[in-house]
Amino acid sequence: MMLSVNGINVFYDAIHAIKSVSLEVDEGEIVTLIGANGAGKSTILKTISGLLRSKTGAVSFLGRRINSTPPHKIVEMGLAHVPEGRRVFMQMTVKENLEMGAFIHSGKTDAAIEQVYARFPRLKERVRQIAGTLSGGEQQMLAMGRALMSRPKLLMLDEPSMGLAPILVEQIFEIIADLHNDGTTILLVEQNAQMALSVADRAYVLETGGIVLTGTGKELLQSDEIRKAYLGGN
């Protein structure tokens, strides 16, 4: 198993944000977390990547417990996190942003950058452009490309389609499917439940900080309960 989250509880001061959550991601899978705004999806990713700490339980990556491992060491182990809101370095160029993503592979960036350009041709066209002047879709591609520069074994994506036009959402999900086909394991947090479930091997449904349902992507797409709550069905 690539990632194991077992019984984590996360608090923001007195607010119990994550309640005894357990989940697993096997090598080669796309696993998605779906749920309403504020359900705790982003908090789970931040806890896995070391940005937040759980009061209880264990987070293990590649068989090693990482609860108290610093975030940069978790990246070095092969886990990359693309946060909600993209968080690119707005004053830097596209190329400089990508180079920042390769900090754990100092001096060996050229081949990795070419691979990113092959996957995101739009970035190659804008190599010297300041990131803050890119469109939302281009910034999302840059954030994903920067994460790929660390050559992750597990890529965590937090709301990659947020705020994007439908045609760009389709492009982002095509890229996610391509990454998966190329062997990258993916943990996806996404409000567009229809798109997320259509690409996911398995899914967890989160409500008010706890997991209330789990199944294959196909099972949950066909679930009346999920259709009413998240897919706009009657």
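Structural data are supplied above this passage.
Residues numbered from 1 in each chain as written. Predicted model: local features only at pLDDT ≥ 70, side-chain atom pairs only at ≥ 80, totals over all residues. Heavy atoms only, no water.

> Quick one: what's the story with the side chain of glutamine 139, residue by residue and with numbers?
Structurally, glutamine 139 can be placed in helix 6 (residues 136-148). Judged by relative accessible area, glutamine 139 falls into the buried class, the value being 10%. Setting aside anything within four residues of it in sequence, one finds glutamine 139 in contact with Arg86, Val88, Met90, Ala131, Gly132 and Leu134. (Helix = DSSP H or I, 4+ residues; strand = E, 2+ residues; numbered from the N terminus. Buried < 20%, exposed > 50% of the residue type's maximum accessible area, 1.4 Å probe, protein only. Contact = heavy atoms within 4.5 Å.)

> Would you mind going over the pairing of strand 7 (residues 154-158) in detail, with residue names and values included?
A large share of strand 7 lies buried, amounting to five of its five residues. Neither face of strand 7 is open: one carries Leu154, Met156 and Asp158, the other Leu155 and Leu157, and all of them are buried. As paired strands, strand 6 (residues 79-82) and strand 7 are joined by four bridges and run parallel to one another. Within strand 7, the residue paired with valine 82 across the bridge is leucine 157. Alignment of strand 7 against strand 8 (residues 185-189), held across five bridges, turns out to be parallel. Counterpart to leucine 155 in the pairing with strand 8 is isoleucine 186. (Pairing = 2+ DSSP bridges.)

> Break down the sheet that holds strand 1 (residues 3-12) for me, citing the residues and quoting the values.
Sheet strands associate in pairs through backbone hydrogen bonding, adopting either a parallel or an antiparallel arrangement. Pairing within the open sheet is antiparallel, and its four strands lie in the order 2-1-4-5. For this open sheet the edge positions go to strand 2 (15-25) and strand 5 (64-65), each flanked by a neighbour on one side alone. When strand 1 meets strand 4 (residues 56-61), the two strands line up antiparallel, connected through five bridges. Following the sheet pairing, leucine 3 is matched in strand 4 by phenylalanine 61.

> Describe the packing of helix 3 (residues 94-101) against helix 4 (residues 110-119), listing the residues and the values that go with them.
Packing of helix 3 against helix 4 leaves a shortest axis separation of 10 Å and a crossing angle of 120°. It follows from the interaxial angle that helix 3 and helix 4 lie oblique. Relative to helix 4, helix 3 is oriented so that their crossing is right-handed. Of the residues in helix 4, those in contact with Lys95, Leu98 and Glu99 of helix 3 are Ile113, Val116 and Tyr117. Considered class by class, the residues forming the contact of helix 3 with helix 4 number four nonpolar, no polar and two charged. (Axes fitted to C-alpha atoms, helices over the stretch in contact; angles between N-to-C directions. Parallel < 35°, antiparallel > 145°, perpendicular 65-115°, else oblique. Left-handed = near helix turned anticlockwise from the far one by under 90°. Nonpolar A, V, L, I, M, F, W, Y, C, P; charged D, E, K, R; others polar.)

> A description of the sheet that holds strand 10 (residues 210-216) should follow, citing residues and the corresponding values.
If you walk across this open sheet you meet the six strands as 6-7-8-3-9-10, and the pairing is mixed. Bordering the open sheet on either side are strand 6 and strand 10, each of which pairs with just one other strand. On average, adjacent strands in this sheet sit at an angle of 15° to one another, irrespective of strand direction. Direction of pairing for strand 3 (residues 30-34) relative to strand 8: parallel, over a ladder of four bridges. Residue pairing across strands places threonine 32 opposite leucine 188, the latter belonging to strand 8. The strands that helix 1 (residues 41-48) touches are strand 3, strand 6, strand 7, strand 8 and strand 9 (202-207); relative to strand 7, the one it contacts most, it runs at about 145°. Across the sheet, helix 6 touches strand 6 and strand 7, and the angle it forms with strand 6 is around 165°.

Take it as geometry only, folks, not as evidence of what the structure does.
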